[in-house]
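Survey of secondary and tertiary structure
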Number of protein chains: 2
Amino acid sequence: MTEHLRRNTRFDGTAISVLGARLHHLSESDREAMRHLNVVHRFVGRRRALIAEGEVIGRVRILCKGWATRSRRLDNERRQILDFVLPGDIIGLHVDAAGASICDVDALTACEVGEVSLDALERVAMQNSGVAAGLRHYMARQLTQANDQILRLGRMSAYERLCSLLLEVYDRQRPLAMTAGAVDFPITQTTVADMLGLSVVHVNRQVMRLRREGLVTLDRRQLVIHDPEKLAQVACHRDRGFSRRPSLFMAAE
Amino acid sequence: MTEHLRRNTRFDGTAISVLGARLHHLSESDREAMRHLNVVHRFVGRRRALIAEGEVIGRVRILCKGWATRSRRLDNERRQILDFVLPGDIIGLHVDAAGASICDVDALTACEVGEVSLDALERVAMQNSGVAAGLRHYMARQLTQANDQILRLGRMSAYERLCSLLLEVYDRQRPLAMTAGAVDFPITQTTVADMLGLSVVHVNRQVMRLRREGLVTLDRRQLVIHDPEKLAQVACHRDRGFSRRPSLFMAAE
DNA sequence: CGGGATGTTGACATACATCAAATGGGGTGG
DNA sequence: CCACCCCATTTGATGTATGTCAACATCCCG
């Protein structure tokens, strides 16, 4: 099941190594403990549901391959995508007090997920402080992403929202990106509309504008951002997580 | 459910008991362990900052008394309130990888907070599974609230947003509410506007409409919702967290 | 008792939604 | 390989929810 021979387990595609690549600061013993988790891999076709709202979640899923969306419906006409789920992300943490999922998770492309018992994962976290810290930071990052989305929807124009979203998709893939500049973008404009709380038609107009201005190249597969700085400026992204400022000047107190 | 909570130390006002009332399923030994935490209480006046964006957070604050907002600014003109912070909420969990706050937290009223070392809290959580579970559930609840906010901003009309927000404020206080129907509402319409991504003027129009329809009574101090069911229906709040459906029918699989 | 925040209302401006229709592309089946 | 169809993209014309500006009323708080 596990191939010990690979030194860098990052890209072997099993759920645990994909997740391990996402959680930072794991010690070797943390990783070792996680490798003992029992994982069931499963494949799900494009447009199929990974999790439906209300479903009780006993096992979390780690996305190994493909993209998914987390979304909620207001009624049959209106749905809102909460965020995109990329490889390494954990599916099934957004639950209510009873353990039922508060949102739908749907495969945007064909997906491979690894299922892990939530209890087992929590036990590993209790015994390995690095895993616990990793999961806490992961949750914090999810909260940050949700906040970014709130900012987009609450106070940005359509054009700014699009810039901000493209930048997020770009930045989330940078640590993994192989080909210079180009990142995956298996996303239809309808999907973007549901993400940004806009109509498809209006999304298209903003996409056209970005193209006319030569800032991006994108289709249903790939996204290239030609001028990330300009985009960040439009979207008021002061901090893009890579060129982090020292932040020591502003100490607490 | 609300009854047995009332028996313990919930209302003595110290940070730990206020927090303990918020975290569910704590055993007596969990509570005992938390009582050993070193807490420094502090008072902050209305409109003062509790935490500024970028500030490195070594000690989390537990809000004991008063209300606060978590917000982010796009520029000097535009700010977006992410959520309201009520007594029992933890301030300082929304941090980046470097431990710096990603948002401002400002006192909406005079506030009392209890400061606890983040490290110490994490140590207690590592040794008391109930505390760890409580904090995990707390984080999950924060994520749910963020998702509600995303839904409001992304796909609801101004009127629906207001109904949804009032209902959230109402529901978050129900477990504590003393006076029948009335809950605290120390919130100006300008604040509501910054929360809902609307202009003050437009918020006022929607408030006026709700009043005309006899659905609510509200001023800068109190909120009374006369017909919660109607409001929930308008805001498409299918699940308000109290009359939870069994949710066993929809098992995983 | 004043003065700066807050609330309220009307007139007008605009960003975005909606409707409609043409174009294009990628599977699928013949 | 073509024909077909469905889904996605693109563009224009028009409608509407919400923003902006302005004026006044009201409430706090010092």
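Scope of this entry: the structure provided in the associated data block. (Residues numbered from 1 in each chain as written. Chains lettered and ligands numbered in written order. Predicted model: local features only at pLDDT ≥ 70, side-chain atom pairs only at ≥ 80, totals over all residues. Heavy atoms only, no water.)

This brings us to the protein's contact with DNA strand C. In the vicinity of DNA strand C lie 20 residues, with R47, T188, Q189, N204 and M208 of chain B positioned nearest. Backbone atoms, meaning sugar and phosphate, form 74% of the atoms of DNA strand C found within 4 Å of the protein. Residue H202 of chain A places a side-chain N or O atom 3.5 Å away from a sugar or linking oxygen belonging to DNA strand C. Between DNA strand C and R47 of chain B there is a distance of 2.7 Å, counted from a phosphate oxygen to a side-chain nitrogen or oxygen. Of all the elements in the fold, those that place two or more residues in the surface near DNA strand C are α7 (200-212) of chain A together with α7 (189-196) and α8 (200-212) of chain B. Broken down by element, the surface near DNA strand C gets its largest block of residues, five residues, from α8 of chain B. Looking at the surface near DNA strand C, its residues break down into five nonpolar, eight polar and seven charged. (Near = heavy atom within 4 Å. Polar contact = N/O pair within 3.5 Å; in protein donor to acceptor, adjacent residues only side chain to side chain. Helix = DSSP H or I, 4+ residues; strand = E, 2+ residues; numbered from the N terminus. Nonpolar A, V, L, I, M, F, W, Y, C, P; charged D, E, K, R; others polar.)

A few words now on the protein's contact with DNA strand D. In the vicinity of DNA strand D there are 19 residues, among which T188, Q189, N204, R205 and R211 of chain A approach most closely. Considering DNA strand D, the proportion of its atoms within 4 Å of the protein that are sugar or phosphate atoms stands at 72%. At 2.9 Å from a phosphate oxygen of DNA strand D is found a side-chain nitrogen or oxygen belonging to Q189 of chain A. Between DNA strand D and the protein, one listed contact pairs a phosphate oxygen with a side-chain N or O atom of R211 of chain A at 2.8 Å. For the surface near DNA strand D, the secondary-structure elements that each account for two or more residues are α6 (189-196) and α7 of chain A together with α8 of chain B. Of all the elements, α7 of chain A adds the most residues to the surface near DNA strand D, at five residues. Broken down by class, the residue content of the surface near DNA strand D amounts to five nonpolar, eight polar and six charged.

Once that is clear, we can look at the packing of helix α4 (residues 129-155) of chain A against helix α5 (residues 129-155) of chain B. The contact between α4 of chain A and α5 of chain B brings their axes to 9 Å, and the two run at 15°. Relative to α5 of chain B, the element α4 of chain A is oriented roughly parallel. For α4 of chain A against α5 of chain B, the interelement crossing comes out left-handed. Where α4 of chain A abuts α5 of chain B, its residues R136, M139, A140, Q142, L143, A146, Q149, I150, L153 and G154 of chain A lie against R136, M139, A140, Q142, L143, A146, Q149, I150, L153 and G154 of chain B. (Axes fitted to C-alpha atoms, helices over the stretch in contact; angles between N-to-C directions. Parallel < 35°, antiparallel > 145°, perpendicular 65-115°, else oblique. Left-handed = near helix turned anticlockwise from the far one by under 90°. Contact = heavy atoms within 4.5 Å.)

A few words now on the sheet that holds strand β11 (residues 222-225) of chain A. Each strand in a sheet pairs with another by means of backbone hydrogen bonds, the pair being arranged parallel or else antiparallel. Residue and element names in this part refer to chain A. Read from one edge to the other, the open sheet built from three strands follows the order β9-β11-β10, with strand pairing classed as antiparallel. Each edge of the open sheet carries a strand with a single partner, namely β9 (182-184) and β10 (216-218). On average, each strand axis in the sheet is tilted by 20° relative to the strand beside it, whichever way the strands run. Where β10 lies against β11, three bridges are found, and the strand directions are antiparallel. (Pairing = 2+ DSSP bridges.)

Bringing the interface of chain B and chain A into the picture now. If you look at the interface, chain B gives 60 residues, while chain A gives 60 residues. Carbon and sulfur atoms supply 57% of the area buried between chain B and chain A, which totals about 5,100 Å² over both sides. Among the residues chain B hides against chain A, the three largest losses belong to L74, M126 and R155 of chain B. Together they make up 16% of the total. At the surface where chain B touches chain A, the tally comes to eight salt bridges. A salt bridge links R136 of chain A to E122 of chain B, with the nearest nitrogen and oxygen atoms 3.2 Å apart. Linking chain B with chain A are 16 residue pairs in polar contact (both at pLDDT 80 or more), by the criterion used here. Among the elements of the structure, β4 (68-73), β5 (79-85), α4 (118-127), α5 and α7 of chain B are those that each provide at least two residues to the side of chain B that touches chain A. Tallying contributions element by element places α5 of chain B first for the side of chain B that touches chain A, with 17 residues. (Buried area = accessible area lost by both parts, 1.4 Å probe. Salt bridge = Lys/Arg side-chain N within 4 Å of Asp/Glu carboxyl O.)

Interpretation in functional terms is not warranted from these geometric data alone.
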